[in-house]
Amino acid sequence: MQAMGRLAGGVAHDFNNILVVILGYAELLLSKFKEKDTTRNQLERIVDAVNRAAALTKQILAFSRKQVIDLQVVSPNDIVSNTMSIVKTMLPEDVEIALNLSPEVSNIEADSHKIEQVLMNLVINARDAMPAGGRLFIKTNEMDIEETSARNLHLKNGRYAVISVCDTGIGIMDDVMPHIFEPFFTTKDKGKGTGLGLSVAYGIVRQHNGTIQVESMVGKGSEFHVYLPVTEKSKEKNISKPMQDKYDAFSGHERILVAEDNEAALIIISDTLTSLGYYVATAENGYEAVRLAEGAKEPFDMLVTDVIMPRMNGKELFERLSARYPSMKVLFISGYSDEIIYKSGVKDKNIALLEKPFDNQKLAKTVRQVLDANPL
Ligand SMILES: Nc1ncnc2c1ncn2[C@@H]1O[C@H](COP(=O)(O)OP(=O)(O)OP(=O)(O)O)[C@@H](O)[C@H]1O
Ligand SMILES: [Mg+2]
């Protein structure tokens, strides 16, 4: 299992580098076309497809359950609504969908992409359980989980948002039920299922301090309830479209040094930051970055560096530079799962880390946040 996790992590790293480039250029092009342009529409499809590929890579990484999760305040209803367009394309015509989203549901602190992935996995299972058609029911709710049930569900007591995915399919037999969350457990024909869907979903939900509870009756159907702790916090206001305005909100004139051993990723990061107004210098390895920093007339305000680079890794590079330029800010970029990052020594709550693949927006926003943050 561990070996598989490591293999998956390695593949995902290289694959993520490729995705960063495709996504980056598609988005740069996108910002150059007007809202109504047909080319824009085509580019949006590329962006969509890359995002799906990114979701797939994360599915593989999630398997090791050691991903970096990117928590934000979100509404469970929004998460459900966002997945509906994809859900609809996945269901055959003889499966009817019904939604019942409670307007009362509070926000949760979650990585919405990951929760979307959980929903997708549950929906796919529901679809597969209804080969002759049926009804898929997705609902949201909020409830108090008291002492006893909290203990039974292995949750802290408190308030939870519940997202339920219910089907009228074949149901789950009593002897199958205890195994459904096990990795590689599947009742599907050879070559059909990997048996990873539910184990990945469960891993993600546990990382969010929640759980998944199942009820099923053979021949009648199944209900999967995803419990996620609610938060009092309110949502960050979304800066409205168009794309160009969003970018401008994150522009700046600071001097940024970028170190990244993957040439294509280096170019896209540097293009994005340059287009935002920053002064950017690029280095393909740590030594070159040190040379650039020491040779510069003015010190750099910020270092953006890949964590894993041959010979001198991102952490070593930052340590060398910050010894000489103590006010230099840093943003680490990585395509690896948590475990490898821990080993490289870069995992600290106070350190900014951007997970690959990221889109230009996210890069722009994170760079601005790091630059604006007060020194520790
Ligand atoms: N909604 C459901 N109705 C009936 N059985 C289900 C349902 N969801 C899951 N199961 C059972 O749990 C097993 C494990 O599910 P899981 O999603 O982990 O793997 P899978 O669906 O078999 O494979 P994959 O997700 O890779 O396609 C399934 O093979 C099936 O027996
Ligand atoms: Mg499945």
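Remember, predicted model here, so these are calculated numbers, not experimental data.

Conventions we followed
Residues numbered from 1 in each chain as written. Chains lettered and ligands numbered in written order. Predicted model: local features only at pLDDT ≥ 70, side-chain atom pairs only at ≥ 80, totals over all residues. Heavy atoms only, no water. Pairing = 2+ DSSP bridges. Helix = DSSP H or I, 4+ residues; strand = E, 2+ residues; numbered from the N terminus. Axes fitted to C-alpha atoms, helices over the stretch in contact; angles between N-to-C directions. Contact = heavy atoms within 4.5 Å. Buried < 20%, exposed > 50% of the residue type's maximum accessible area, 1.4 Å probe, protein only. Parallel < 35°, antiparallel > 145°, perpendicular 65-115°, else oblique. Left-handed = near helix turned anticlockwise from the far one by under 90°. Nonpolar A, V, L, I, M, F, W, Y, C, P; charged D, E, K, R; others polar.

K.L.:
Go over the sheet that holds strand β4 (residues 134–145), please, and point to the residues and values.
P.N.:
Strands sit in the order β2-β4-β5-β7-β6 across an open sheet of 5 strands; the sheet is mixed. This sheet does not close on itself; its edge strands, each paired only once, are β2 (95–101) and β6 (211–217). Sheet twist, expressed as the mean angle between neighbouring strand axes with direction ignored, is 20 degrees. Here 10 bridges tie β4 to strand β5 (residues 158–167), and the two strands are oriented antiparallel to one another. Looking at the pairing, Ile138 lines up with Val165 of β5. Relative to the sheet, helix α3 (residues 76–90) contacts β2, β4 and β5, its axis offset from that of β2 by approximately 165 degrees. Helix α6 (residues 197–207) rests against β6 and β7 (221–229) of the sheet, and its axis sits at about 140 degrees to β6.

K.L.:
How would you summarise unusual backbone geometry if you had to cite specific residues and measurements?
P.N.:
Glycine aside, a negative phi is what most residues show, and trans is what most peptide bonds show. With phi around 55 degrees, His154 is a residue other than glycine that occupies positive phi space. Turning to its location among the elements, His154 is positioned in the loop between α5 (147–153) and β5. Of note, Asn209 is a non-glycine position whose phi angle comes to about 60 degrees, a positive value. Of note, Asn209 is situated in the loop between α6 and β6. By relative accessible area, which is 55% here, Asn209 ends up exposed.

K.L.:
Give a description of the sheet that holds strand β12 (residues 352–355) that names residues and reports values.
P.N.:
Pairing within the open sheet is parallel, and its 5 strands lie in the order β9-β8-β10-β11-β12. Of all strands in the sheet, those bounded by a partner on one side alone are β9 (279–283) and β12. Sheet twist, expressed as the mean angle between neighbouring strand axes with direction ignored, is 20 degrees. Inspection of the sheet shows strand β11 (residues 329–334) paired to β12 by 4 bridges, in the parallel sense. The residue bridging Ser334 from the neighbouring strand is Glu355, located in β12. Packing of helix α9 (residues 286–295) onto the sheet brings it into contact with β8 (255–259) and β9, and relative to β9 it is tilted by some 140 degrees.

K.L.:
Please set out the packing of helix α4 (residues 112–128) against α6 residue by residue, giving values where relevant.
P.N.:
Between α4 and α6, the shortest axis-to-axis distance is 9 Å and the interhelical angle comes to 150 degrees. Taken together, the axes of α4 and α6 lie roughly antiparallel to each other. Judged by the sense of rotation from one axis to the other, the crossing of α4 with α6 is left-handed. For the pair formed by α4 and α6, the contact residues are Lys114, Ile115, Gln117, Val118, Asn121, Leu122 and Asn125 on the first element and Gly197, Leu198, Val200, Ala201, Ile204 and Val205 on the second. Looking at the contact of α4 with α6 residue by residue, the class counts come to 8 nonpolar, 4 polar and 1 charged.

Coordinates in, geometry out; function isn't part of it.
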